[in-house]
Amino acid sequence: MRSASAPSSSVPTASTPSSVPVRTVESDWRLFLRLVPYARRSSKTLLLSLLLLVPLSIAGAIQPILVGQAISLIRGEETIGFLTGRSLMEGLNLLTWILFITIAIRLAFRGIQGYLVQEVGQEITAAIREDLFRHVTDLAVRFFDRTPVGKLITRLTSDVEALGDVFSTGAIGIVNDLFSLLVVCITMFWLQPTLALMLVLTLFPVTALILYFQHQYRKANYRSREELSLLNATLQENILGINVVQIFRRQRFNSELFRATNDRYIREVDKTIFHDSAISATLEWVSLGAIALVLWAGGVLVFKTAGTPEALTFGTLASFILFSQRLFDPLRQLAEKFTAIQSGLTAVERIAELLNEPIEIKDPGLVQATVQAPTAATLKAAERSGEIRFEDVSFAYKDQDYVLKNLNFTIQPGEKIALVGPTGAGKSTVIRLLCRLYEPTSGQILVSGHDIRSLRQQDLRRYIGVILQDGFIFSGDVASNISLGETYPLEKIIEAAQLTNVDSFIQQLPQGYQTLLRQRGTNLSAGQKQLLAFARVAIRDPQILVMDEATANLDVGTEALIQEALDRLLRNRTAIIIAHRLSTIRNVDRILVFKQGQLVESGRHEVLLEQGGLYASLYRLQMLT
Ligand code: ATP
């Protein structure tokens, strides 16, 4: 998030150096192998499309021979076995028919083959997109801390799209081109080894040049996609922060930042275009040169060998001129498909990087299949249900920068606890660790006597209900925003809303529980979103309730309503409450006071006031204001 936090007021110019690293994480072959499991799922269609390549290539290779034989027939030269003894007309008719059949085969099969390949391509990209989505949503929050959303979206959309292009542009036909190349080479050697050798020799420098340009193209392509990610990240940041952008009139400044990123992107794209064009141009020149070479050497051979048993006929020479075109045709095709294939490989590389990102927080079954993990139901029925214990817990978001240090405390079942402390003391971090959004760097956290790492995440999250200050709303109706993907009957949803005194607010909405909410709940106020968050938790009936500044967005009247509902909701449940307004937590059973990641005081409100420590000074300060 460079742009928004850039401290300098000077606008960077387009010459800002790009920080994009060029990494060749996996070799092309390994990247290709990553696609194999996906291709295997559509193996039948893929196999059929590959089999169709055989008649296509053979039909293509026969055509120049037929033309050559027709010329030989007309000139009265020696012809292939099946034509000898036939009259000119008979021979020409036969050749025309065979030519017609080869054309028909190529026309019909090419269409079918192209369709099948694209079908496979779409299936593969859809499967990759699904896997990526599942993988990304399973990644730990720590990963999202360091990855801008725009970058992720680029990988999930345009990178997967670039991979899809490999199929939709017919670039997978590269197999066809290689096969055609092989068939053409074999046929040429069978017809005339000297000319064939000459033509094949020209392939080596061409291949070397292609490989060089390929390498350069690939590097430029990787960089351009990284720049595109940055571009999207900047775009996303500006759209999400549009209120701040407009209030602080940062439009011009941000436009300049955007222009600089955009310029770098275009420069990298230009490089890819240059290398792509260089390949096509080189091939064009080499193929023209090769035809000239065949014409010259072939002409010399025709005259030198005239009258000898190894005489080179005009028919064979004509076939060779056609072959020299055919030989470079697949190569030219390769060059055209080259862009898509290289982009596809870059895309697979970037997709693979994301798929290789380890899932830090796993369910116990996936790490060590020891004893059966307790479910939310068994946790609830447990003897010490609702107990929370932090044992020597330390935590750093990055490296050795500890924000929690050697925390030791126990919260008894049914106890109501408040976490208090100055800004940045680590209160929210305690909650994030308890919900297992992050893993402690050392120590362990137990709920109902079980290490949270031994529980399945879905059971832990069902067991602990969390209400944060910012109640996130998904696009959908009110009811689905309470049930959040689980199948609760409407009566249960209404019951939960009534329990939390939210029902009357929902009833006031135009279509009640069916009212459609926009993405991020832009048609609700912050307080209304918060109310929905309460109902969301109540319906899940958790044993432990965690609230991080949950009532900060509510007006006094609504807060009183929620408070009344909370008193009911919290009966027989453990609760952890973070509130900056200390007046709201006076009645809790115990207050834990944090300072710089350490637990410095613990006790009831009156006791802590009497002690005259940090809590007392914080409380008095608030009373003064
Ligand atoms: P507040 O009362 O302002 O909400 P808090 O006590 O809840 O503060 P935390 O949010 O737990 O504080 O943050 C504790 C420390 O961890 C802070 O110094 C903060 O800068 C740091 N921190 C919080 N989140 C991250 C993160 N995702 N990556 C790196 N550091 C972080």
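It should be noted that the structure appears before, not after, this text.
Figured I'd write up the structure that's included with this text. This structure is a prediction, so every number in the text was calculated from the model and none was measured. Residue positions are given per chain, counted from 1 along the sequence in the order it is written. Totals for whole chains, interfaces and linings use every residue, but because this is a predicted model, local features are given only for residues with pLDDT of at least 70 and side-chain atom pairs only at 80 or more, for both listing and counting. Note that water and hydrogens are dropped before the side-chain values are worked out from all heavy atoms of the structure.

1. Notes on the environment of Thr-515
Link 1 in the chain: For the purposes of this entry, the term helix denotes a DSSP run of H or I that reaches at least four residues, the term strand denotes a run of E that reaches at least two, and both are numbered from the N terminus. Mapping Thr-515 onto the fold places it in the loop between helix H19 (503-508) and strand S8 (516-517).
Link 2 in the chain: Along the sequence, Thr-515 and Leu-201 sit 314 residues apart, while their C-alpha atoms lie 72 Å from each other.
Link 3 in the chain: Other than its neighbours up to four places away in sequence, Thr-515 contacts Gly-476, Asp-477, Val-478, Leu-509 and Pro-510. Whether two residues are in contact is decided by their heavy atoms: any pair within 4.5 Å suffices.

2. Overview of a nonpolar patch on the surface
Link 1 in the chain: Grouping into patches uses exposed residues only, defined as over 30% relative accessible area, and leaves out salt-bridged ones; the cut-off is 9 Å for like charges and 5 Å for nonpolar side chains (Val, Leu, Ile, Met, Phe, Trp, Tyr). A 1.4 Å probe and the Shrake-Rupley method give the accessible areas. Residues count as covered only by the protein chains that appear here. A pairing counts as a salt bridge when a side-chain nitrogen of Lys or Arg comes within 4 Å of a carboxyl oxygen of Asp or Glu. Together, Phe-189, Leu-197, Leu-201 and Phe-204 make up an exposed nonpolar region whose accessible area comes to about 400 Å².
Link 2 in the chain: Here the nonpolar patch gets three residues from one element, more than from any other, and that element is helix H9 (residues 193-240).
Link 3 in the chain: With respect to the helices and strands, the residue Leu-197 is situated in helix H9.

3. Some thoughts on the sheet that holds strand S9 (residues 544-548)
Link 1 in the chain: By the convention used here, strands pair only if DSSP detects at least 2 bridges between them. Taken in spatial order, the six strands of this open sheet run S6-S9-S10-S3-S11-S12, and their pairing is mixed. The open sheet terminates on both sides in strands that have one partner only, identified here as strand S6 (464-467) and strand S12 (598-603). The sheet shows a mean angle of 20° between the axes of neighbouring strands, direction not considered.
Link 2 in the chain: Summarising the sheet, S9 and strand S10 (residues 574-578) pair through five bridges and their orientation is parallel. Counterpart to Asp-548 in the pairing with S10 is Ile-578.
Link 3 in the chain: Note on definitions: angles span 0 to 180 degrees between N-to-C directions of axes, and those axes are lines fitted to C-alpha atoms, for helices only across the stretch in contact. Running at roughly 175° to S6, helix H20 (residues 526-538) makes contact with S6 and S9 of the sheet.

4. Digging into the nonpolar core
Link 1 in the chain: Within the largest apolar cluster, 45 residues are counted, with the highest numbers of intra-cluster contacts made by Ile-482, Ile-506, Leu-532, Met-547, Ile-585, Ile-591 and Tyr-615.
Link 2 in the chain: Sort the elements by how many residues they give to this core and H20 lands first, with seven residues.
Link 3 in the chain: For Ile-506, the residues in contact, after removing those within four places along its chain, are Val-478, Ile-482, Ala-497, Gly-512, Tyr-513 and Leu-532.
Link 4 in the chain: In terms of nonpolar packing, the next biggest core, distinct from the first, is built from 30 residues, Ile-431, Cys-435, Tyr-438 and Ile-445 among them. Residue types Ala, Val, Leu, Ile, Met, Phe, Trp, Tyr and Cys, when buried and joined through side-chain atoms within 4.5 Å, form a set referred to as a nonpolar core. We call a residue buried when its accessible area falls under 20% of the maximum for its residue type, exposed when it is over 50%, and partly exposed in between, using a 1.4 Å probe and counting protein chains only.

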